[in-house]
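Chain by chain, the residues:
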Amino acid sequence: AKGEGLERRDLMWNTFEIAGPPDDPAQVKGAKTGAEAFARIAKSGAGFISRGDDSVTNRRELALWKHASVEPSWPGYVKAGQGMGPTLLVADEKQAYVLTDRGTRLAFRKKMSLTPLVADAADLRNDYAVVLLSPQKHPALSHTEGSRLAAWLTSPATAR
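In this text the structure is predicted, and so the values were computed from the model without any measurement.

Quick notes on unusual backbone geometry
- One non-glycine residue, Q27, adopts positive backbone phi at about 55°.
- Along the chain, the position of Q27 falls in the loop between β1 (5-20) and α1 (34-44).
- We classify Q27 as exposed; its relative accessible area is 57%.
- We note that D120 has phi near 60°; this positive angle belongs to a residue other than glycine.
- By the secondary structure assignment, D120 is in the loop between β5 (115-119) and β6 (125-133).

With respect to the layout of surface pockets
- For the largest pocket, the calculated volume is near 190 Å³.
- Looking at the largest pocket, it is lined by 15 residues, and the ones nearest its centre are L132, L133, H143, G146 and S147.
- For the lining of the largest pocket, the secondary structure elements donating two or more residues are β1, β6 and α5 (143-153).
- Class assignment for the residues of the lining of the largest pocket results in ten nonpolar, four polar and one charged.

Comments concerning the packing of α1 against helix α2 (residues 56-67)
- Contact pair α1 / α2: the axes reach a minimum separation of 8 Å and the direction vectors enclose 75°. Of the possible angle classes, the one that applies to α1 and α2 is roughly perpendicular. Here G34, A35, F38, I41 and A42 of α1 come into contact with α2, specifically with E61, L64, W65 and H67.
- A breakdown of the residues in the contact of α1 with α2 according to their chemical character gives six nonpolar, two polar and one charged.

The rules we used
- Residues numbered from 1 in each chain as written.
- Predicted model: local features only at pLDDT ≥ 70, side-chain atom pairs only at ≥ 80, totals over all residues.
- Heavy atoms only, no water.
- Helix = DSSP H or I, 4+ residues; strand = E, 2+ residues; numbered from the N terminus.
- Buried < 20%, exposed > 50% of the residue type's maximum accessible area, 1.4 Å probe, protein only.
- 1 Å grid on protein atoms, 1.4 Å probe; cavity = no way out; pocket = protein on both sides within 12 Å on 5 of 7 lines; lining within 4 Å.
- Points joined across faces, edges and corners; volume = space filled by probe spheres on them.
- Nonpolar A, V, L, I, M, F, W, Y, C, P; charged D, E, K, R; others polar.
- Axes fitted to C-alpha atoms, helices over the stretch in contact; angles between N-to-C directions.
- Parallel < 35°, antiparallel > 145°, perpendicular 65-115°, else oblique.
- Contact = heavy atoms within 4.5 Å.

Just distances and angles here, no functional claims.
As structure tokens, this is what we get:
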């Protein structure tokens, strides 16, 4: 929008998940969206562990709270201020809900009892892209090499 980028090329995606205790006290399983699940968590007053670290995951969490029209400020809402792995372990210890990326949750699945309750909703999709920057706005960058890298990253051969 500011003219910094010339071209965006989709690269890959993964998904965020809302994980929580197997007994699901806030009854988020079956929610159609992440925002709907967040509204249920807030309404129930259940525990929620936030990364609270201004990461991409934390920013998505804040967007979901906003979309759910919820200000996360009840006593069970805790900011861990840590990376995803430690945040998952805190959520598991407290048997609280957490927003996580699927890959990290899978890597930690043998270390915790939390279970994925909401996934694959449109508002939980996490898209990655390569953006070629404007040579006029960024003349000191190596644009030819950047373009070649973007072409390689998004090529069918690399996707295999």
